[in-house]
Amino acid sequence: MALDDRPQPDLPETAPPTALPTARSESVVAPTEDPAARRTGPWSALRPLLLRLHFYAGVLIAPFLLVAAVSGLLYSLSFQAEKLVYAHELEIPVGDTVRPLSDQVAAARAAHPEGTVTAVWPAPAENGTTRVLLSTPGLPDDRSLAVFVNPYDAEVRGELTSYGSSGALPLRTWLSELHRHLHLGEFGRNYSELAASWLWLVALGGVALWFGRRRARRRDLLVPAKGQPKGRARTLSWHGTVGLWAALGLVALSATGLTWSKHTGANIDALKAQLGGATPVVDATLAGGGSADGGHEGHGSGHGHGTAHGGADIGLDRALEIARGQGVDTQVSVILPVDGQGYVVKETDAQFPVHLDSVAVDPADGRVMDTVAFADYPLLAKLTRFGIDAHMGVFLGLPNQLALAGLMLGTVLLIVWGYRMWWLRRPTKGHAARFGRPMPRGAWRKVPPPVLVALLAGTAVIGWFVPLFGLSLLGFLVVDAVLGRAVRARAGTRAAQG
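Quantities reported herein were computed from a predicted structural model and do not represent experimental measurements.

**Comments concerning helix H2 (residues 42-85)**
For the α-helix, the turn length of 3.6 residues means that residues three or four positions removed from each other point alike.
Next, step 1: The terminal C-alpha atoms of H2, which comprises 44 residues, lie only 57 Å apart, well short of the 64 Å expected from a rise of 1.5 Å per residue.
Next, step 2: Within H2, the axis deviates most sharply at Ile61, by approximately 50°, and proline Pro63 lies no more than four positions further along.

See the structure below:
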């Protein structure tokens, strides 16, 4: 994409709306009649710099964010689609008497003798099936074979591959991986982390630019202006107001998405640990056993496949009964003992109000070894849990999923509107293939020194904590400097020839 630094035709200036592609549309032509530019104070100096950064940030992440938004939209709808696609495995007619859980597990074992049972999810509703999770040869550690059993007659209804602690089935797993890494593994994770690293800055910068506009009516800040002529002005009004309403959600998605990113996620985990906000984990270690039950909850951890427990065993039904006596009695997952570990019974109901208590039970004598109540989680751990579950669409159930779908659809429209404004503002005489230019270089020289020093210090800290943001920003500065030098060289050549 070529950026032309030659003079552009004078066009009326309007400040940009919020969110991603605004920068393209607002900073593509050097302003000539800009009411905001005539204001005095820090904003008049910061605005050109913010416009230029907003422009390049939009150019950088728009394609990544568009893919993330489309895949996120599909993922938000996958919860309901999963219920339809896998209705035979998930739903059964309500019966009279529920068989013991051990009988249901025995039926799953008989159907798949090659597997080792690692966990059991008792039926979450009267018309739901019990899910027995097995580790089988050929499946990765973060996958299990889920065998669905009718709790009333122990009939095996079918089996599907299940992903991690979320229990996502193949459809939702495929869409989740498309959203997270485009099915490109660790290499692909960088795309989503790059988009999340810039999204919060572009959204907040767009909000500042949108609020900084002068407008005849305050209503036009929140609602698309009426009576706008067709074309760029009307598109700008819709883009700005929709972007403003979406900004808070976009910032939240950026922050929660970064919590399980590869590079920034490690820094967030370290910071949480230093601040005492790590998520507590129930200790199921037997005397002389291995490590406690672990896993990064909500991030697709496995089920702790290991060597089966070989000592005295009170049995699955008794362990569940003891856990329910400790108040762990809503929708639960029972992790079976492995060598050195006891039973772990966890509540898995993440819908508000959440039920995420857990208890560890000694398989030899039924002794309660440890309990962890969600009410006792540190505040940071609770906020992380809420944020991740809201990002995944499970915190408030269907309303959460519909809100995510609406936010993703709005993000797609913002990007399309941004590209359209950029196209409508292009020069139309003499250079039909040219793109408009960003704000002129050198805007940083107008920023007051104390403010500039604070900006540089803040950028350095953020760039260190969010590595892909820092590296991509550094790359932008290098490319921008090279382009500037090339433009000046061409201008010098033309002057010498003229």
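**Regarding a nonpolar patch on the surface**
Next, step 1: Residues Leu271, Leu275, Leu379, Leu380 and Leu383 make up a contiguous nonpolar surface patch of about 470 Å² in total accessible area.
Next, step 2: Considering every element that reaches the nonpolar patch, the biggest residue donor is helix H11 (residues 379-392), with three residues.
Next, step 3: Considering the arrangement of structural elements, one finds Leu379 in helix H11.

**So, the packing of helix H8 (residues 232-259) against helix H12 (residues 398-424)**
Next, step 1: With their axes 9 Å apart at the nearest point, H8 and H12 run at an angle of 140° to one another. By the angle class used here, H8 and H12 are oblique. H12 is crossed by H8, and the crossing has left-handed handedness. Taken together, the residues of H12 that come into contact with H8 (itself represented by Arg232, Thr235, Leu236, Trp238, His239, Val242, Gly243, Ala246, Gly249, Leu250 and Leu253) are Leu404, Leu407, Met408, Thr411, Leu414, Trp417, Gly418, Arg420, Met421 and Leu424.
Next, step 2: Residue composition of the contact of H8 with H12, grouped by class: 13 nonpolar, six polar and two charged.

**Points about the nonpolar core**
One recurring pattern in soluble globular proteins: nonpolar side chains tend to sit buried together.
Next, step 1: Formed by 25 residues in total, the largest nonpolar core has its most connected members in Val117, Val120, Val132, Leu316, Tyr343 and Val345.
Next, step 2: Secondary-structure elements contributing two or more residues to this core are helix H4 (101-111), strand S1 (116-121), strand S2 (130-135), strand S3 (143-149), helix H10 (316-325), strand S5 (332-335), strand S6 (343-347) and strand S7 (358-361).
Next, step 3: Here the element with the most residues in this core is H10; it accounts for five residues.
Next, step 4: Beyond its immediate stretch of four places on either side in the chain, Val345 contacts Ala319, Leu320, Ala323, Val328, Val332, Ser333, Val334, Asp357, Ser358 and Val359.
Next, step 5: One finds Leu133, Leu169, Val344 and Met369 within the second-largest nonpolar core, a separate group that totals 23 residues.

**Quick word on unusual backbone geometry**
Next, step 1: In this structure, Pro353 follows Phe352 across a cis peptide bond, with omega equal to -5°.
Next, step 2: By the element assignment, Pro353 lies in the loop between S6 and S7.
Next, step 3: The backbone of Ala154 sits at a positive phi, close to 60°, despite the residue not being glycine.
Next, step 4: Tracing the sequence through the fold places Ala154 in the loop between S3 and strand S4 (156-163).

**What to know about the UniProt feature "transmembrane region" (unreviewed entry) in the protein**
Next, step 1: The residues that UniProt annotates with the feature "transmembrane region" (unreviewed entry) are residues 53-75, 194-212, 236-255, 402-422 and 443-462.
Next, step 2: Taken end to end, residues 443-462 is 70% helix and 0% strand, and its first and last C-alpha atoms sit 21 Å apart.

**Looking at the side chain of His181**
Next, step 1: Inspection of the secondary structure puts His181 in helix H5 (residues 170-181).
Next, step 2: Classification of His181 as buried rests on a relative accessible area of 10%.
Next, step 3: Once residues lying within four places of it in the same chain are set aside, the contact partners of His181 are Gly188, Arg189 and Tyr191.

**Here's the deal with the sheet that holds strand S8 (residues 368-372)**
Next, step 1: The strand order across the open sheet built from eight strands is S4-S3-S2-S1-S5-S6-S7-S8, with neighbouring strands paired in antiparallel fashion. Of all strands in the sheet, those bounded by a partner on one side alone are S4 and S8. The sheet shows a mean angle of 20° between the axes of neighbouring strands, taken without regard to direction.
Next, step 2: When S3 meets S4, the two strands line up antiparallel, connected through seven bridges. Along S4, the bridge assignment pairs Val147 with Glu159.
Next, step 3: H4 contacts S1, S2, S3 and S4 of the sheet and is inclined by roughly 45° relative to S2.
Next, step 4: Of the strands in this sheet, S3 and S4 are in contact with H5, which crosses S4 at around 10°.

**Looking at the packing of aromatic side chains**
Next, step 1: In this structure the tally under the stated criterion is ten aromatic pairs.
Next, step 2: Note on Trp238 and Trp417: the rings are 6.3 Å apart at their centroids and 45° apart in plane angle, and the pair reads as tilted. Highlighted residues: Trp238 in helix H8 and Trp417 in helix H12, separated in sequence by 179 residues.
Next, step 3: Classification of Trp417 as buried rests on a relative accessible area of 18%.
Next, step 4: Relative to Phe395, the ring of Phe352 has its centre 5.7 Å away and its plane inclined at 70°; by these criteria the two rings are edge-to-face. Separated by 43 residues along the polypeptide, Phe352 in the loop between S6 and S7 and Phe395 in the loop between H11 and H12 bring together distant segments of the chain.
Next, step 5: Among the aromatic residues, ring-to-ring pairing joins Phe352, Phe374, Tyr377, Phe386 and Phe395 into one connected group.
Next, step 6: Seen from the ring of Phe374, Lys382 lies directly overhead, with NZ or CZ sitting 5.9 Å from the centre.

Cut-offs used in this document
Residues numbered from 1 in each chain as written. Predicted model: local features only at pLDDT ≥ 70, side-chain atom pairs only at ≥ 80, totals over all residues. Heavy atoms only, no water. Helix = DSSP H or I, 4+ residues; strand = E, 2+ residues; numbered from the N terminus. Expected span 1.5 Å × (residues − 1). Bend = angle between axes of the 7 residues up to and from the residue. Patch = residues over 30% accessible without salt bridge, like charges linked within 9 Å, V, L, I, M, F, W, Y side chains within 5 Å. Areas by Shrake-Rupley, 256 points an atom, 1.4 Å probe, with all protein chains shown as cover. Salt bridge = Lys/Arg side-chain N within 4 Å of Asp/Glu carboxyl O. Axes fitted to C-alpha atoms, helices over the stretch in contact; angles between N-to-C directions. Parallel < 35°, antiparallel > 145°, perpendicular 65-115°, else oblique. Left-handed = near helix turned anticlockwise from the far one by under 90°. Contact = heavy atoms within 4.5 Å. Nonpolar A, V, L, I, M, F, W, Y, C, P; charged D, E, K, R; others polar. Core = buried A, V, L, I, M, F, W, Y, C linked by side-chain atoms within 4.5 Å. Buried < 20%, exposed > 50% of the residue type's maximum accessible area, 1.4 Å probe, protein only. UniProt positions renumbered as here; feature names shortened; annotations may be inferred. Pairing = 2+ DSSP bridges. Phe/Tyr/Trp six-rings, centres within 6.5 Å; stacked < 30°, edge-to-face > 60°. Lys NZ or Arg CZ within 6 Å of the ring centre and 35° of its normal.

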